[in-house]
Structures are given as C-alpha cells and as structure tokens.
Amino acid sequence: MKPGRFITLEGGEGAGKTVNLNFIRDWLVQHAGATVRVTREPGGTAVGEDIRRLFLQQADLQPETELLLIFAARAQHLHQVIRPALARGEWVLCDRFTDASYAYQGGGRGLAQERIAYLENWLQGDLRPDLTLLLDTPPELGKARAHGRGDANRFDTETERFYVKVRQAYADRAASEPQRIQRVDASRPLPEVQQHIATLLLQWLDLL
Ligand code: TYD
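Residues numbered from 1 in each chain as written. Predicted model: local features only at pLDDT ≥ 70, side-chain atom pairs only at ≥ 80, totals over all residues. Heavy atoms only, no water.

**A closer look at empty space enclosed by the protein**
At step 1: Scanning the model with the defined rule gives one cavity of 30 Å³ or more in all.
At step 2: Here the largest cavity is characterised by a volume of approximately 110 Å³.
At step 3: Among the elements of the structure, strand E4 (131–136), helix H6 (139–146) and helix H7 (160–176) are those that each provide at least two residues to the lining of the largest cavity.
At step 4: For the lining of the largest cavity, the leading source of residues is H7, giving four residues.
At step 5: Its residues assigned to classes, the lining of the largest cavity comprises six nonpolar, four polar and four charged. (1 Å grid on protein atoms, 1.4 Å probe; cavity = no way out; pocket = protein on both sides within 12 Å on 5 of 7 lines; lining within 4 Å. Points joined across faces, edges and corners; volume = space filled by probe spheres on them. Helix = DSSP H or I, 4+ residues; strand = E, 2+ residues; numbered from the N terminus. Nonpolar A, V, L, I, M, F, W, Y, C, P; charged D, E, K, R; others polar.)

So this is what it looks like as structure tokens:
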C-alpha cells in the first residue's frame, strides 16, 4: 500500500484558508487520485472540538495554558484521526497544525521555541507534515478581509503588532524549512493564488 501523505495549510487572519482548503482537497482527489481526509486544529475530534471552544472563547488564558490546550487537542487528534488515516494510506489535509503553535504561541505570545519543540517531539515523534502551504498576507489586509465574518474569536481582537509577529514567525519557519513549507502570496486575486497552489502541488507530486 502506498503511504498516506500529510499536508497542512497555514496562514494568518483572512488569508483565505477555507476557500483554498476546498480547492486543494478537490485538486488532490482529481490529480493524485487520493482519498483525502480533511480536518482542522484545534479540533478534529470530539475532545478536540471541546478544547477548541475553550481555546477560542475563554478570556484570560495564559500563554502556557494556550500552548498546553493546543497540544492536548493535538495529542487526541494524532491518536484518533491523523495517524490512523495515514496508516490506511489516506491523505490528511489539515487546516493548521504545529507551525501555528510556533507562529501564534511562539511568535505572537513570545513562548520559547524549545518549549514548543519539546511538546512537538514528545507527541509527534518524527511525524511532520510532508508539505505545508503557507498563505501569506500582510496583517492589515487579512484583518480587512476577515472583518465582518460571523465567527469572531479571541484572536480576532489581537493587535496588528501581534499579527506582525505571527507573520514573522511563519516566515522564519518557511526560511528554515524551504522544502517543506511553500509560501503563497495570498494577497493576490484568488484565481492567481489557486494557480500558484496548483503549480506547487504539481511540482511536489512530481518529486514523490
Ligand atoms: P479559526 O477560527 O480556525 O481561525 P482562522 O480562520 O484564522 O484559521 O481559529 C483558529 C485560531 O487558533 C487561529 O486564530 C489560530 C489559533 N491557533 C493557535 O493559536 N495555535 C495553534 O497551534 C493552532 C492550531 C491555532
């Protein structure tokens, strides 16, 4: 059996993750003939969705609490969804994963990377995404796009400064893992963004 592949989608606020997640899923089904399991973080399991509610809505969470909640949800997600699907040969397409912890809890909240790396190594072992698409937008544009969406959460009221740090942390990760993390300029019109995503996916499939 061919191994499953693990693809993650990342980005700041208003980068168009939802519409592009659907695009990527359809593209993979069509071009890779893959069974694609779409999931998200925080969430993806019953426990994870409960943690998500707490994580996104509860006021006054300490940065450390945020990080531990995220990894608690992730542990459950890895055990119940991600690893079993990959073992069955399915492709897992996940809306955010551990790069988001480095960006938000690391860059945004200022927690040390080593703390995050410790939890990552503990809970994931050597499991890392095979490919990560990073939808990059300047924070002011993302904020304008996200404005008025019905699903407001704790992060929507963060300052632009917070999102500048999140964006920088994502950029640093992309620079340190240029093979795995592919940046997409998501400030461009949607058809161009999707054309770029399709080109990146095609190049990546050729290398498999
Ligand atoms: P969501 O409504 O999915 O936001 P978005 O549409 O921007 O993806 O909420 C997820 C939020 O959780 C998002 O603001 C980023 C945050 N998050 C972290 O802070 N750390 C993490 O590890 C993950 C996975 C998400």
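**Examining the layout of surface pockets**
At step 1: For the largest pocket, the calculated volume is near 880 Å³.
At step 2: Looking at the largest pocket, it is lined by 42 residues, and the ones nearest its centre are Lys 17, Arg 52, Arg 96, Arg 149 and Asn 153.
At step 3: Secondary-structure elements contributing two or more residues to the lining of the largest pocket are helix H1 (17–32), strand E2 (36–40), helix H2 (46–57), helix H3 (63–87), helix H4 (98–108) and helix H8 (190–207).
At step 4: Residue classes in the lining of the largest pocket are distributed as 18 nonpolar, ten polar and 14 charged.
At step 5: Of the volumes computed, that of the second largest pocket is approximately 210 Å³.
At step 6: In terms of residue class, the lining of the second largest pocket is made up of six nonpolar, three polar and two charged.

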